[in-house]
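Chain by chain, the residues:
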Amino acid sequence: MTALPRLSGAAALVSMICLSGCVASPPRVSEFRLTPAEIEAIPSGGAGPGSSGVAGIQTTVLNGDPTRSGPYTIRIAVPPNTRIAAHTHRDPRTAVVVSGAWYFGYGPTAEETLVRPLPPGSFYSEPADVAHFALTRDQPAVVYIFGIGPTDTVFTASGTAP
């Protein structure tokens, strides 16, 4: 019988966390399909949970509930020439740019030099508690955001718009 290597305290803790998280079954998601026309027909509002609250942005909840525990998907439609100041969310999120031109950056202050243009089909992350910001220029943008709620939006103290 071969001896197993000893794990450091930190390695053992990480292993236990992974095992406890990996053993739990994933949340059940109901089956459904939505065409672009069906998505457009879903009522949307301004500042929805997990959005920046900036005037003009339309938020549509596509799946789940961003205010409760569990997975959610929101769609944000951002008009041209919109600036979203630096902010964070408590939950880790990923996003896909569906249409338009989306300019996205990381940092506690929204700086024009830090944005990267993300065309349709681009994918990016919003790690938990990591400050980020975004803007549109002459084109609107539509972005799908995926997270595990509950979510929030907290603007940074220096989160000026780029």
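Cut-offs used in this document
Residues numbered from 1 in each chain as written. Predicted model: local features only at pLDDT ≥ 70, side-chain atom pairs only at ≥ 80, totals over all residues. Heavy atoms only, no water. Helix = DSSP H or I, 4+ residues; strand = E, 2+ residues; numbered from the N terminus. Buried < 20%, exposed > 50% of the residue type's maximum accessible area, 1.4 Å probe, protein only. Contact = heavy atoms within 4.5 Å. Areas by Shrake-Rupley, 256 points an atom, 1.4 Å probe, with all protein chains shown as cover. Phe/Tyr/Trp six-rings, centres within 6.5 Å; stacked < 30°, edge-to-face > 60°. Lys NZ or Arg CZ within 6 Å of the ring centre and 35° of its normal. Pairing = 2+ DSSP bridges. 1 Å grid on protein atoms, 1.4 Å probe; cavity = no way out; pocket = protein on both sides within 12 Å on 5 of 7 lines; lining within 4 Å. Points joined across faces, edges and corners; volume = space filled by probe spheres on them. Nonpolar A, V, L, I, M, F, W, Y, C, P; charged D, E, K, R; others polar. Axes fitted to C-alpha atoms, helices over the stretch in contact; angles between N-to-C directions.

1. Quick notes on the overall build of the chain
So, step 1. Along the chain, the regular secondary structure elements total two helices and 10 strands.
So, step 2. Taken from N to C terminus, the helices and strands of the chain fall in the order α-α-β-β-β-β-β-β-β-β-β-β.
So, step 3. By residue count, 37% of the 162 residues in the chain fall in the buried class.
So, step 4. Of the contacts formed within the chain by residues at least 6 apart in sequence, a portion of 69% connects residues at least 24 apart.
So, step 5. Of the roughly 9,500 Å² of accessible surface on the chain, 62% is carried by carbon and sulfur atoms.

2. Observations regarding the packing of aromatic side chains
So, step 1. Applying the stated criterion across every chain yields a total of two aromatic pairs.
So, step 2. For the pair Phe104 and Tyr106, a centre-to-centre distance of 5.1 Å together with 85° between the ring planes defines the contact as edge-to-face.
So, step 3. The exposure class of Tyr106 is partly exposed, given its relative accessible area of 39%.
So, step 4. Here the aromatic residues Phe104, Tyr106 and Tyr124 are joined through ring pairs into a cluster of three or more.
So, step 5. Just above the ring of Tyr103 sits the side chain of Arg137; from NZ or CZ to the centre is 4.0 Å.

3. A closer look at the sheet that holds strand 10 (residues 154-155)
So, step 1. One open sheet holds the five strands; their spatial order is 6-5-8-3-10, and the pairing between them is antiparallel. Each having just a single partner strand, strand 6 (116-118) and strand 10 make up the two edges of the open sheet.
So, step 2. One ladder, built from four bridges, connects strand 5 (residues 102-106) with strand 8 (residues 132-135); its direction is antiparallel. In the strand pairing of strand 8, Tyr103 is matched with Leu135.

4. Quick word on empty space enclosed by the protein
So, step 1. Summed over all chains, the structure comprises one cavity of 30 Å³ or more.
So, step 2. Within this model, the largest cavity holds a volume of roughly 120 Å³.
So, step 3. In terms of lining residues, the largest cavity is bounded by 17 residues, among which Ile76, Ile84, His87, Glu126 and Ile145 are the most central.
So, step 4. For the lining of the largest cavity, a count of residues per class yields nine nonpolar, six polar and two charged.

5. Side note on the sheet that holds strand 1 (residues 58-63)
Paired through their backbone hydrogen bonds, the strands of a sheet run either parallel or antiparallel.
So, step 1. Read across the sheet, five strands follow the order 1-2-9-4-7 without closing on themselves; strand pairing throughout is antiparallel. Looking at strand neighbours, the two that pair on one side only are strand 1 and strand 7 (123-126), the edges of this open sheet. Ignoring which end each strand starts from, the neighbouring axes of this sheet average 25° apart.
So, step 2. Summarising the sheet, strand 4 (residues 93-100) and strand 9 (residues 141-149) pair through seven bridges and their orientation is antiparallel. Its bridge partner lying in strand 9, Val97 is registered against Val143.

6. Topic: the environment of Phe146
So, step 1. Position of Phe146 among the secondary structure elements: in strand 9.
So, step 2. Using a relative accessible area of 31% as the deciding quantity, one classes Phe146 as partly exposed.
So, step 3. Separated by 73 residues in the primary sequence, Phe146 and Thr73 place their C-alpha atoms 4.6 Å from one another.
So, step 4. Once residues within four sequence positions are removed from consideration, Phe146 is found in contact with Tyr72, Thr73, Pro92, Arg93, Thr94, Ala95 and Val96.

7. What about the pairing of strand 9?
For a regular strand, the rule is simple: side chains alternate between the two faces of the sheet.
So, step 1. Where burial is concerned, most of strand 9 is hidden: seven out of the nine residues are buried.
So, step 2. When strand 2 (residues 70-78) meets strand 9, the two strands line up antiparallel, connected through nine bridges. Paired with Thr73 across the bridge in strand 9 is Phe146.

This is a description of form; function is not addressed.
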